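Here is what each chain is made of, one letter per residue.
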Amino acid sequence: MADGTRVMAVRIGVISNAHSKRNKLSMREIHALLKEHPQVLHRSFNHISELPACLKAMADAEITHLVISGGDGTVLATVSALINDSPFKQPPCLSLLSAGMTNVIAHLVGQPGLPATGLRRLVFRAEAGETGQIIERPVLSVDFGDGRPIERGFLFGGVGFYQGTQLVRRDIHSLGAKQTFAAKLGIAWSILKIMMFGPGPRSGFHGEEISLTLDGRRETRQCLMFLASTLDELLPGVSPFWGEGDGRLQLTTIDSPPKRFARAAINVLRGKPRPWMAEAGYLSRRMERLELEMHSPVTIDGERFEPPAHGRIVVTAGPVVRFHRY
């Protein structure tokens, strides 16, 4: 360039989860694409414990654009590793391919289409110097307070939300349903079971007394389910948050037993409450910091985590992660 500014060459690296469903289906096309573009570095792992070594290889190769090919769990693990203990001197650009059983995050900020199609488009445009559409989202930082590394993600839920994910894996994924269709079918199936049987062994949904501290304000609720996120939309047409304020962390809770659930369910999913719903125990708030005391498992981006022995979990909004969509 005339002013002597040095432009850093684009170096693309792909990390893939070998067990991800769509990766298995697309691996032949991906390998063919990588043969056409030998400059693209590819590392695959069979177990999440191998992820740090994959990231170290990418950093040693001075990768400037890191592509994550996997589901929500793979994205969660990679983002957590890059924030907590990144081997990169300079943070790489991040892009996501929808290659897992669930791809909520990639649907919102990742490459559209099948993994091989999205990767082909990304390689062509990134190497042409394009930055793509830049999407910034704050992550959730979840501190279990028992010596575990802080977990990062975008979707944190518990009680009935955790129970619903188990129901989906047992009843919906076993039918072969996948991706957005499986998620929406699972939501519908969960709502139907609660409407028919209410909380209890027949529905598989059980309430729990939990303590919530929202930006310093403490309350105790008999909770059927709760869901927290820094995202506005979870799936097309599913936006279960309506709280006002400036906080980046959104929390929706439903009391147990749920009142007028058949009338409330669709309004909760759309984020459009009726005037009577707050008094009936359907609440949505915004905050920067959430503390919980509970004793059942929680999920972060679809992955199960056991609570600490003392039961206290702290969730905060941030830091901000930048994604590039082509």
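Residues numbered from 1 in each chain as written. Predicted model: local features only at pLDDT ≥ 70, side-chain atom pairs only at ≥ 80, totals over all residues. Heavy atoms only, no water.

S.K.: Lay out the overall build of the chain in plain terms, naming residues and giving numbers.
M.R.: Within the chain, the regular secondary structure consists of eight helices and 15 strands. Its C-alpha atoms give the chain a radius of gyration of 21 Å, within 12% of the compact-globule value 20 Å for 326 residues. Its C-alpha atoms give the chain principal-axis dimensions of about 65 × 45 × 35 Å. Looking at the 326 residues of the chain, the share that counts as buried comes to 54%. Here the analysis covers contacts within the chain between residues at least 6 apart in sequence; of these, 72% occur between residues at least 24 apart. Only carbon and sulfur atoms are counted for the fraction: they give 54% of the accessible area of the chain, which is about 15,500 Å². Between the averaged position of the 39 positive side-chain charges in the chain and that of its 31 negative side-chain charges there is a distance of 6 Å. (Helix = DSSP H or I, 4+ residues; strand = E, 2+ residues; numbered from the N terminus. Rg over C-alpha atoms; globule rule 2.2 N^0.38 Å. Buried < 20%, exposed > 50% of the residue type's maximum accessible area, 1.4 Å probe, protein only. Contact = heavy atoms within 4.5 Å. Areas by Shrake-Rupley, 256 points an atom, 1.4 Å probe, with all protein chains shown as cover. Lys, Arg positive; Asp, Glu negative; His and termini not counted. Charge placed at Lys NZ, Arg CZ, Asp CG, Glu CD.)

S.K.: Provide a residue-level description of the pairing of strand S5 (residues 133-143), including the pertinent values.
M.R.: Bridge analysis of S5 against strand S15 (residues 312-325) gives ten bridges, and the strand direction is antiparallel. Residue pairing across strands places Glu136 opposite Arg322, the latter belonging to S15. Relative to strand S6 (residues 151-153), S5 is paired through three bridges, and the arrangement is antiparallel. Note on S6: the bridge partner recorded for Ser141 is Arg152. (Pairing = 2+ DSSP bridges.)

S.K.: Which residues make up helix H5 (residues 115-127), and what values go with them?
M.R.: When the terminal C-alpha atoms of H5 are compared, their 18 Å separation across 13 residues agrees well with the 18 Å that a helix rising 1.5 Å per residue should span. Phi turns positive, to about 95°, at Gly129, one or two residues after H5. (Expected span 1.5 Å × (residues − 1).)

S.K.: Just give me the short version of unusual backbone geometry, but keep the residues and values in it.
M.R.: Note the cis peptide between Ser256 and Pro257, where omega equals -5°. Along the polypeptide, Pro257 turns up in the loop between strand S10 (249-255) and helix H8 (261-270). The step from Gly318 to Pro319 runs through a cis peptide bond, and the omega angle for that step is 5°. We note that Val159 has phi near 55°; this positive angle belongs to a residue other than glycine. With respect to the helices and strands, Val159 occurs in strand S7 (residues 155-159). Its identity is not glycine, yet Asp301 carries a phi of approximately 50°, on the positive side. Tracing the chain through its elements places Asp301 in the loop between strand S13 (298-300) and strand S14 (303-305). For Asp301, a relative accessible area of 4% corresponds to the buried category.

S.K.: Break down the packing of aromatic side chains for me, with residues and values.
M.R.: Overall, the coordinates contain four aromatic pairs when judged by the stated rule. Centre to centre, the rings of Phe154 and Phe323 are 6.1 Å apart; their planes meet at 50°, and the pair counts as tilted. One end of the pair, Phe154, is in the loop between S6 and S7; the other, Phe323, is in strand S15, with 169 residues separating them in the sequence. Given a relative accessible area of 0%, Phe323 falls into the buried group. Arranged with centres 6.4 Å apart and planes meeting at 90°, the rings of Trp276 and Tyr282 form a pair that is edge-to-face. A residue is classified by how much of its surface remains accessible, and Trp276, at 18% relative accessible area, is buried. Just above the ring of Trp276 sits the side chain of Arg260; from NZ or CZ to the centre is 3.9 Å. (Phe/Tyr/Trp six-rings, centres within 6.5 Å; stacked < 30°, edge-to-face > 60°. Lys NZ or Arg CZ within 6 Å of the ring centre and 35° of its normal.)

S.K.: Could you give an account of the nonpolar core, naming the residues involved and the relevant values?
M.R.: Ranked by internal contacts, the top residues of the largest apolar core, which has 36 residues, are Ile15 and Leu96. At the level of secondary structure, the elements contributing two or more residues to this core comprise strand S2 (41-45), helix H2 (51-60), strand S3 (65-70), helix H3 (72-85), strand S4 (93-98), helix H4 (104-109), S5 and S15. In contact with Leu96, not counting residues within four places along its chain, are Ile68, Val75, Ile105, Ala106, Val109, Gly110, Gln111 and Phe323. (Core = buried A, V, L, I, M, F, W, Y, C linked by side-chain atoms within 4.5 Å.)

S.K.: A description of the side chain of Gln250 should follow, citing residues and the corresponding values.
M.R.: Mapped onto the secondary structure, Gln250 falls in strand S10. By relative accessible area, which is 4% here, Gln250 ends up buried. At 3.0 Å, the side chain of Gln250 and the side chain of Arg286 are in polar contact. (Polar contact = N/O pair within 3.5 Å; in protein donor to acceptor, adjacent residues only side chain to side chain.)

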